[in-house]
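Working through the structure, step by step
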Amino acid sequence: MDTDLIRMAFDSMPETLAPSLLADHSGLQLAALTTLPLLASNRPGESPVQVGAVDHAVDDGFRYRFTVRRGLRRRDGSALTAADYRDALVRAAGSGTVVGYWLRNVRRVDVAGRDVLEIHLHTPDFGFPGLLALPGLAPGTDLHEGAGRYRLVRATPRVLALEPTGNLADEHPRRRIVVRRLKSPDLNVARFVSGEIDVTSDTAFPYARLPEFRGGEELQVRQIGVFVALCFEGDLAGDSGLRVRRAVHRALMEPPLEDLLPGPLLRTSGFLPASGFDAAYALAVNRRTAAPSSRPVRPGRSYRLLYDTYYPNKEIARAVACVLRDAGMNIRLVPDRYERRAESGELRLNLFRAMRGDLLGVYRGLAFLDLVRATNLFPAFDKTLYAFDARPHHLAEARRAADELDTMIADRAVCVPIAEVPGICLARSARLPWEWSACSLS
């Protein structure tokens, strides 16, 4: 075995190598290795780690001041300074992308000398530091530049190769990384057990199989904040489709769906994670009566339900189709990849990830649904998120905000929360290569 090599598996490869455009989980994990943000996300529930910054302070939520770490270098050997971080942040704020929307509260960005960066906000935002881990806010326009701990030296549709840069100490010093695409969760598990890979990405996992692997200390099963929602497209998305959308809402709130789903139904508290995730998933698995069978297509109008082919989307789509057919709707299932949407339809299963490590992260993702942005729902939706961020975060306030947003979504029937999907990480080290810790910084 090559001890200087970490062998990793992603279930999908990033669609782009431009940090400002990365949004999928494999791309964000790759960016955590190859970019150098001011602050970096840590393990779930842990505070962000100072990476490009060695110190930061906040003034009543209006002004954030960062001191940039000295000795950081680009691939060409030139130094990274506060001005580089300012330029990246200003570029991202004006980009018209998802990241630009998150930065709508930034009023001005200043530098003082070589090392000090000051960010001024229009209104106080106590959640703002969580945004600074986004790769689009780190200096660099391509992951090959390698301003982080690693640089990308090879990229194909199935293989990524990285080498260390020497820019910060690492818990895996001088070790190269090779990432291969393994789409199947079962294959990920099998390759890990056989010793062919050292780390897998967070991926959907057949949770009912967990007892088979409970004995392995390396197995890490994590609640990674992936939620499934049924969203409306095509002519069902407009005002004329409101009656049908509300009928779908009513049908999916009935008990049969919960009996068929391979995961916990999110019927209450909107998209907030179920309390006691393991118990909720065990209950869902144990009470499941049977996989929904295929049912004959009824005459009349047919509604196309699009779903991604990753586990467990097909199972969830079949359960939804079964319930809606019982309610009198003619449903046709159509596989269609998220990354390359080629099909059109009226219904689609969408995955949403928490984008800022808080309980409202999925609502932030929903803000980018075309159906949300194209209706008069969006200003009120955005205002509620904005008001929450302007106060110090507390669980009770998050739940109140979620209740407001749930009511807005239900009134317009723009989507239906379905289930929470488990994630699995397999690793032969205590900390994953893309995770940061204070002790790993020099």
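Structure: see above.
Residues numbered from 1 in each chain as written. Predicted model: local features only at pLDDT ≥ 70, side-chain atom pairs only at ≥ 80, totals over all residues. Heavy atoms only, no water.

Brief notes about the nonpolar core
- Counting residues in each nonpolar core, the largest one holds 113 residues, and the members touching the most others are Ile119, Leu230, Leu252, Phe381 and Ile418.
- Setting aside anything within four residues of it in sequence, one finds leucine 230 in contact with Val248, Leu252, Leu305, Val320, Leu347, Arg348, Leu349, Val414, Cys415, Val416 and Ile418. (Core = buried A, V, L, I, M, F, W, Y, C linked by side-chain atoms within 4.5 Å. Buried < 20%, exposed > 50% of the residue type's maximum accessible area, 1.4 Å probe, protein only. Contact = heavy atoms within 4.5 Å.)

Details of the packing of helix 5 (residues 242–252) against helix 12 (residues 395–412)
- Orientation of helix 5 relative to helix 12, taken along the N-to-C sense of each, is 125 degrees, at an axis distance of 8 Å. Here helix 5 is positioned oblique relative to helix 12, judged by the angle of their axes. Residue-level inspection shows Leu242, Arg245, Arg246 and His249 of helix 5 in contact with helix 12, the latter providing Ala410, Asp411 and Arg412.
- A breakdown of the residues in the contact of helix 5 with helix 12 according to their chemical character gives two nonpolar, one polar and four charged. (Axes fitted to C-alpha atoms, helices over the stretch in contact; angles between N-to-C directions. Helix = DSSP H or I, 4+ residues; strand = E, 2+ residues; numbered from the N terminus. Parallel < 35°, antiparallel > 145°, perpendicular 65-115°, else oblique. Nonpolar A, V, L, I, M, F, W, Y, C, P; charged D, E, K, R; others polar.)

Some points on the sheet that holds strand 9 (residues 159–164)
- Taken together, the five strands give an open sheet; going across it, the order is 8-9-10-1-11, and neighbouring strands pair in mixed fashion. Because the sheet does not close on itself, it has two edges, and the strands there are strand 8 (150–155) and strand 11 (199–200).
- Alignment of strand 8 against strand 9, held across five bridges, turns out to be antiparallel. Note that in strand 9 the partner of tyrosine 150 across the bridge is proline 164. (Pairing = 2+ DSSP bridges.)

Examining the pattern of salt bridges
- Summed over all chains, the structure comprises 16 salt bridges.
- Two residues, arginine 108 and aspartate 110, come together in a salt bridge whose shortest N-O distance is 2.8 Å.
- In this structure, arginine 348 and aspartate 336 form a salt bridge, with 3.1 Å as the shortest nitrogen-oxygen distance. Taken together, the residues arginine 348 in strand 16 (residues 347–353) and aspartate 336 in the loop between strand 15 (330–335) and strand 16 connect sequence positions twelve residues apart.
- A residue is classified by how much of its surface remains accessible, and aspartate 336, at 5% relative accessible area, is buried.
- A single network of salt bridges, built from pairs that share partners, joins Arg7, Asp198 and Arg428. (Salt bridge = Lys/Arg side-chain N within 4 Å of Asp/Glu carboxyl O.)

Structural notes on unusual backbone geometry
- One non-glycine residue, alanine 413, lies in positive phi territory at about 55 degrees.
- Mapped onto the elements of the fold, alanine 413 is located in the loop between helix 12 and strand 17 (415–426).
- Judged by its relative accessible area of 0%, alanine 413 is buried.

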